[in-house]
Structures are given as C-alpha cells and as structure tokens.
Amino acid sequence: MTTSAIVTAVHDQVLASGGSSGDDGGFVGFIFLLSGFAFYALMYFRYRNADKRHRHESETEATLLNMKAEDTFVRSKTGMSNRTMNGANSHEVRGARKKFF
Amino acid sequence: MENPDPMSRAAEQEPVGPVPPSAPDVAAPSSPAADAVDGSPQGFDIPVLEPDDDAPRVIQTDEGASDGLAKCSRCGATEISLNVATGNLRCNFCRFEWSAQSAADAFDLNGDIGKLAGVTMGSGSSDIVPSTDEVMTFKCSACGAEVLIDTASSTQARCHWCRNTLSMNQQVPNGAVPDMILPFKVAKETAIASINKFVQKRRFFAHPLFRAEFTPENVMGVYLPYMVVDINAHARLSGEGEHQTRSYTVKVGDSQQTRYDADLYDVVRDFDVHVSDLTVESSSERLDQITSQNANNIINTIMPFDVENAVRYDSNYMKGFTSERRDSNLDELSPIAFTQAEDITRHRVNSTLTFYDRGVRWTQQDVDVRGQRWVSAYLPVWLYSYQQRKSNGSTFLHYVAVNARTGETMGSVPIHQGKLLLVSGGVEVAGIIAAIVLTALGI
Ligand SMILES: [Zn+2]
Ligand SMILES: [Zn+2]
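Residues numbered from 1 in each chain as written. Chains lettered and ligands numbered in written order. Predicted model: local features only at pLDDT ≥ 70, side-chain atom pairs only at ≥ 80, totals over all residues. Heavy atoms only, no water.

Student: Whenever I open this one, the confidence of the model for chain B confuses me. Can you help?
Tutor: Atom-level detail of predicted coordinates should not be read off regions where pLDDT is low. All names here are of chain B. Looking at chain B as a whole, the pLDDT averages 88, with 88% of positions reaching at least 70. Low pLDDT, under 50, characterises residues 1–52; the predicted model gives this stretch 55 contacts beyond four residues in sequence or across chains. The ipTM value of the predicted complex is 0.82, and its pTM value is 0.82. (pLDDT = per-residue confidence, 0-100. Contact = heavy atoms within 4.5 Å.)

Now the structure itself:
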C-alpha cells in the first residue's frame, strides 16, 4: 500500500532529523551556529554509543491473532497547523532499560 | 472490566515459594485495587483476586543431570569442550563429538503459545534462595579430593590433584545452573578481528592511554544470564486516530504557512498476541543501564540471540569460558518483561493503523496475560573490557561486545575530551564564520 510507505518514509525522516526540523530557511544558519555542539554530540555518540539499545519492540518475534478493529468516525477537524496528531503515542517505547541518568 | 491493569497484577504474583495466599505482601501497594482507592486509609483488607490455577507449572530441566566427573562416553576422559566450528561437544582425547539435546525438543518449547495458561517455568528459573552457597564443594570421584566450584564465574573446576574436570549440572537455588545454554558459534579470532575493526574506526578521538593499552586479544568469552519469555495475552487498545484529508497553504502576515484538515476517529483494536522468545537480562548488574555510569547498554544492544537453538544445560560447554550467575527472580523480571511485551504489541499493531497517517493516541491499554513461560539461559558474548581511570579519580568500565552467535558488535571507546573539545571549538568557529558570510551575502 502506497500510503503506508509514505507514512513510514515521513516517520523515518522525522526520526532521522531528530524530530524537530523547521521547514523555513533560517534552519541552515541555525545549523551553522550550532555546528560545534552538533559535531561534539555526533562524535560522542559515535565513540561511546550511549544512545544504543536492543530494539526489543521490533526485534522480538510476535504474532497478532483474531484481530477485531472497531473504528468510528467522530468529526472533521480543520485548519490545524501541526502535521502530526497531538500526543500520538503508538510508537512509544516504555520498557527500555537504557537511561542517561 | 473487573481488572483494569492485569499486567501489573500478574507481575505481582509470587510464581514460586511458599507464600501463603493471605500473606499481607500479596496485596502489594501498587495493586490495581490499591490504586483505585488512592488517598483512602490503607491497611483494611483489599480482596485480591487470585486465579485458582495460580501455582506455576515447573518443567524439570535437570532431570538425569549429574554432578562430578562428566566423562566421554567413548573413552572415559573428562577433557571435554565445545568445538566452536561444529557447535558440538568434543572429547579432546579421542575426538569423539556429540551434542546436548535441543532445549526446544527436550522441554517442548515450540508448542503453540496460544495454549499457554498461567505460569510455566523451567526448574532452573526458580527463585534464588539467598542462603545458598556461591562456592560449591564437590568430591572428586577419581581421587577423593575436595574440589570447589565458584558459581559466580563458572560451573566447572579442575581437580588440583588428579587434573580431572568436575562439572555441576544439577540445579541448586543460587541461579548458577540455568535451564539451557546457547553455545559459542563465533570463533575467538573472528571476535578479535571484529573488536579491532570497531575500535580502529574510532581512533582519532580515542583516549591516548586507551590507544596505547588496547589489546583485543584479551577478549573474554562469557556466558551471561538471561530469561527467555513466551507470552500469551489478550489485548484491547482504545484511543483516537487522525487521517489527513487536505493540506494547503494560508497567508499569515507576510509568510505562507501550511494548514491541515483531518478526520478524527475512535480507534479500537481487540486481539490475541503471542510474544515469542522475549529475552531479558537476569543479572541486576547487567539490568542497570544508566549510560552516564556504565556501559551495560552496549551488551544489551547486541541482542537478539537465536535462542531457539539453545540446548539443555551441560557444563562442558563452559570449558574455556566464564559465566555470570543469575541473581534476579521472576517477580523482579516480570514487570520488565510485561512492559516490553506491551511495547512489542503496540509496535505490531501499527501495521493495522496505516490509515491514520497523522498518528494514533492510545488512551487505554488493557493487556491480559493468560499464559507465560520462563526459561533461564546462558547466552554467549565475547567481551572486551577496558577500565578507564579519569583525571578526577573515578573509573568507567568500557566494553566492546560481540554477539557470539550473530557476530553483531557494539562498543564504547573512551574519548580524549581535550582533543574533541578543541576540534569541536574549531568547527564552531568555522560555522559562525560561515553563518556571518551567508548573512552578509543575504542568503
Ligand atoms: Zn573420548
Ligand atoms: Zn581428583
């Protein structure tokens, strides 16, 4: 299904860019002003890998059976300025052991 | 629903041990009933709903296992070790090779997860009795001498007098002998090469002392303790989802901004879920993954293992390797496993939510664990450790770890902070100059 591919692609892109990239032009200049900090963080994680963990949520085998979906239309919303839903949490991971502090 | 949060209730069930059903700690403060009356006076009797078939079903996994001299069935020698190339045990005298029985076959682990009910566990996963000795004493049946096995690092030892190897294969409640073991498959030379390659890619900012002292040949083969869990659950997730119907630009003052229209839906997914071979560290030290204090997340990262190829525990797989003993019980590991199982479930359900391209917000998740099976395992890791002594006197233990089944490699390399800060400073100055130039040019 093409829509799912697009959704996945958009999702990956958001993840890759750290979750919050502005679409406006000031972004490039902003990156230059932060370049030293960005470089430090990049190298720190490349050497220490403190951000790495086992992706149990996707790397564990699981099967869903007897799936029943009940979806009911509530209402239409218009003129929203955010591209994704507020408080969307279906990708949330709560069981990771890794913590920074 | 009579039970709003079955996960946490299941986690509080005492899987083994002679806890009387009326013991006060059964109604733990975090039980759903206690949450529901939050703020009201504590101490009155809260009825605890305990299913009748609560007692765990124990699979005896050390049946027929014996301690002492484990002899080659062909020549009687005790010089038996793993042949990494074949995955078999080999007699180092007569070269006879054999394998322990597949754990999945021996303990019937491949059966339908949907048929799991209540708690099933291997006898090697039972609760640790704190008074159990860490160092076990055995009598060498070849010469009569007493041989000590330090179960913190192995389940084997050599008799100092007659040089025979003594093995411990019967389970005592100290967590040393698990239900199953996954033998090393990646050869030591391969592991050294992987570790070397990993570190060579991170040389420039590596601490000079580390660069001088790095000796990948010192890598240790270690069997680390894990619990392998199968879960049969019923889940009902409900919440809201948004599907985008239109996007367009509007003029706000001088700038163009994007606006979105969407349809809002109530979303419910009701299903059964079978989680297979969820693997959780079972040593409290390895479960501690606070990355500002230790590098245990490195060892966590090299999961998963092909645990379906594990065999019945046999100490002969241990020769030439060390081990770390399990020190955590089901009641401590259940909350971790169930939270991770919920993550896995939520992640799988996303494949049914592609219509909601703006996302789904779950407001209620009811997961009812109907059956669970716990099997303890030693899993093989090539581990290179490096103790960094920092200038402030503190130390940090770095690891480069190789999954000895899949070869997946991850590591932590000590950084030369001064050099990295200096170069980052240089990058920052260059960035600021570039930003000024770009601004001056009006870009
Ligand atoms: Zn032999
Ligand atoms: Zn002896």
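The discussion continues.
Student: Looking at this structure, how should I read the sheet that holds strand S10 (residues 165–167) of chain B?
Tutor: Across a sheet, strands are paired by hydrogen bonds formed along the backbone, either parallel or antiparallel in direction. Residue and element names in this part refer to chain B. Spatial strand order, S2-S10-S9: three strands in an open sheet with antiparallel pairing. Sheet topology places strand S2 (68–69) and strand S9 (156–158) at the edges, where each strand pairs with a single neighbour. Strand direction decides the pairing type here: S9 and S10, joined by three bridges, are antiparallel. Directly across from arginine 158, in S10, lies its bridge partner threonine 165. (Pairing = 2+ DSSP bridges. Helix = DSSP H or I, 4+ residues; strand = E, 2+ residues; numbered from the N terminus.)

Student: For this particular structure, what's the right way to read the coordination of the zinc ion (ligand 2)?
Tutor: For a metal bound by four donors in tetrahedral geometry, the ideal donor-metal-donor angle is 109.5 degrees, whereas six donors in octahedral geometry ideally sit at 90 or 180 degrees. Residues and elements named next belong to chain B. Each protein donor to the zinc ion (ligand 2) is listed here as Cys140 (SG), Cys143 (SG), Cys159 (SG) and Cys162 (SG); together their distances run 2.2 to 2.4 Å. Between the four donor atoms coordinating the zinc ion (ligand 2), the angles at the centre fall across 100 to 119 degrees, so the site counts as tetrahedral. Sequence spacing among the residues donating to the zinc ion (ligand 2) works out to C-x2-C-x15-C-x2-C. Placement of cysteine 140 in the loop between strand S7 (135–139) and strand S8 (146–150) and of cysteine 162 in the loop between S9 and S10 is noted, with a sequence separation of 22 residues between them. (Donors = N, O, S within 2.8 Å, 3.2 Å for Na, K, Ca; no water. Tetrahedral: all angles 85-135°; square planar, octahedral: opposite > 155°, others 65-115°.)

Student: Is there a simple way to think about unusual backbone geometry in this case?
Tutor: Negative phi characterises most residues that are not glycine, and trans characterises most peptide bonds. Residues and elements named next belong to chain B. The linkage connecting methionine 303 with the following residue, proline 304, adopts the cis geometry, with an omega of 5 degrees. Turning to its location among the elements, proline 304 is positioned in the loop between helix H7 (296–301) and strand S14 (311–312). One non-glycine residue, arginine 95, lies in positive phi territory at about 70 degrees. Considering the arrangement of structural elements, one finds arginine 95 in the loop between strand S4 (88–91) and strand S5 (97–98).

Student: Sorry if this is basic, but what is going on with the coordination of the zinc ion (ligand 1) here?
Tutor: Residues and elements named next belong to chain B. Protein coordination of the zinc ion (ligand 1) is provided by Cys72 (SG), Cys75 (SG), Cys91 (SG) and Cys94 (SG), with donor distances spanning 2.2 to 2.3 Å. Around the zinc ion (ligand 1) sit four donor atoms; with metal-centred angles ranging over 102 to 115 degrees, the donor geometry is tetrahedral. The sequence motif formed by the donor residues of the zinc ion (ligand 1) is C-x2-C-x15-C-x2-C. With a relative accessible area of 39%, cysteine 75 lands in the partly exposed category. (Buried < 20%, exposed > 50% of the residue type's maximum accessible area, 1.4 Å probe, protein only.)

Student: So what exactly am I meant to see when it comes to the sheet that holds S5(B) here?
Tutor: All names here are of chain B. The three strands are arranged S3-S4-S5 in an open sheet whose pairing can be described as antiparallel. Every other strand in the sheet has two partners, leaving strand S3 (80–83) and S5 as the edge strands with one partner each. Examined bridge by bridge, S4 and S5 share two bridges and lie antiparallel to one another. Bridged to arginine 90 within S5 is glutamate 97.

Student: Even after reading the chapter, I still don't get the confidence of the model for chain A, so can you show me in this structure?
Tutor: Residues with a pLDDT of 70 or more make up 69% of chain A, whose mean pLDDT is 79. Confidence over residues 1–25 of chain A falls short of pLDDT 50; this stretch has ten contacts with residues more than four positions distant or in other chains.

Student: I would appreciate a short explanation of the packing of aromatic side chains in the present structure.
Tutor: Aromatic ring pairs are described here by two measures, namely the spacing of the ring centres and the angle between the planes. Considering all chains together, one arrives at 22 aromatic pairs over all chains under this definition. Considering the side-chain rings of Phe321(B) and Trp382(B), the 5.9 Å spacing of their centres and the 65 degrees angle between planes classify their relative orientation as edge-to-face. With Phe321(B) in the loop between S14 and strand S15 (322–323) and Trp382(B) in strand S16 (residues 359–389), the pair connects residues that are 61 residues apart, well separated along the chain. For Trp382(B), a relative accessible area of 5% translates into the label buried. When the ring centre of Phe396(B) is taken as origin, the NZ or CZ atom of Arg48(A), which lies over that ring, is 4.4 Å away. Across the ring face of Phe198(B), the terminal group of Arg202(B) is positioned such that the distance to the ring centre comes to 3.8 Å. (Phe/Tyr/Trp six-rings, centres within 6.5 Å; stacked < 30°, edge-to-face > 60°. Lys NZ or Arg CZ within 6 Å of the ring centre and 35° of its normal.)

Student: Could you clarify how one ought to interpret the side chain of Ser323(B) in this entry?
Tutor: Along the polypeptide, Ser323(B) turns up in strand S15. Looking at Ser323(B), its side chain comes within polar contact range of the main-chain nitrogen of Ser154(B), at 3.3 Å. (Polar contact = N/O pair within 3.5 Å; in protein donor to acceptor, adjacent residues only side chain to side chain.)

Student: Just checking my understanding: could you explain the interface of chain B and chain A for this structure?
Tutor: By a widely used convention, the size of an interface equals the accessible area lost when the partners come together. Counting residues at the interface gives 84 residues for chain B and 69 residues for chain A. Taken together, the two surfaces of chain B and chain A that pack against each other cover about 6,900 Å², and 54% of this comes from carbon and sulfur. Taken together, chain B and chain A are joined by four salt bridges. Put simply, Asp71(A) and Arg269(B) hold a salt bridge, and the shortest N to O gap is 2.7 Å. One can count 55 residue pairs in polar contact (both at pLDDT 80 or more) joining chain B with chain A. Of all elements in the fold, only strand S12 (220–252), strand S13 (255–281), H7, helix H8 (330–349), S16, strand S17 (395–403), strand S18 (409–411) and helix H9 (417–440) of chain B reach the threshold of two or more residues within the side of chain B that touches chain A. It is S13(B) that contributes the most residues to the side of chain B that touches chain A, 21 residues altogether. For the side of chain B that touches chain A, a count of residues per class yields 39 nonpolar, 24 polar and 21 charged. (Buried area = accessible area lost by both parts, 1.4 Å probe. Salt bridge = Lys/Arg side-chain N within 4 Å of Asp/Glu carboxyl O. Nonpolar A, V, L, I, M, F, W, Y, C, P; charged D, E, K, R; others polar.)

Student: How should the packing of helix H3 (residues 35–48) of chain A against H9(B) be read in this particular structure?
Tutor: If you want to describe how two helices pack, look at the angle between their axes and the distance between the axes. Here H3(A) crosses H9(B) at 145 degrees, and the two axes come no closer than 7 Å. Considering only the axes of H3(A) and H9(B), their crossing is right-handed. Taken together, the residues of H9(B) that come into contact with H3(A) (itself represented by Ser35(A), Gly36(A), Phe37(A), Phe39(A), Tyr40(A), Met43(A) and Tyr44(A)) are Gln417(B), Leu420(B), Leu421(B), Val423(B), Ser424(B), Val427(B), Glu428(B) and Gly431(B). The residue inventory of the contact of H3(A) with H9(B), partitioned by class, reads nine nonpolar, five polar and one charged. (Axes fitted to C-alpha atoms, helices over the stretch in contact; angles between N-to-C directions. Left-handed = near helix turned anticlockwise from the far one by under 90°.)

Student: Is there a simple way to think about the pairing of S7(B) in this case?
Tutor: Every regular strand shows the same layout, with side chains that alternate between the two sheet faces. Residue and element names in this part refer to chain B. Burial along S7 is one-sided: the residues Met136 and Phe138 are buried and none of Val135, Thr137 and Lys139 is. Bridge analysis of S7 against S8 gives five bridges, and the strand direction is antiparallel. Residue pairing for S8: methionine 136 is matched across the bridge by isoleucine 149. Connecting S7 to the next strand, S8, in antiparallel fashion are six residues, including glycine 144 with a positive phi near 90 degrees.

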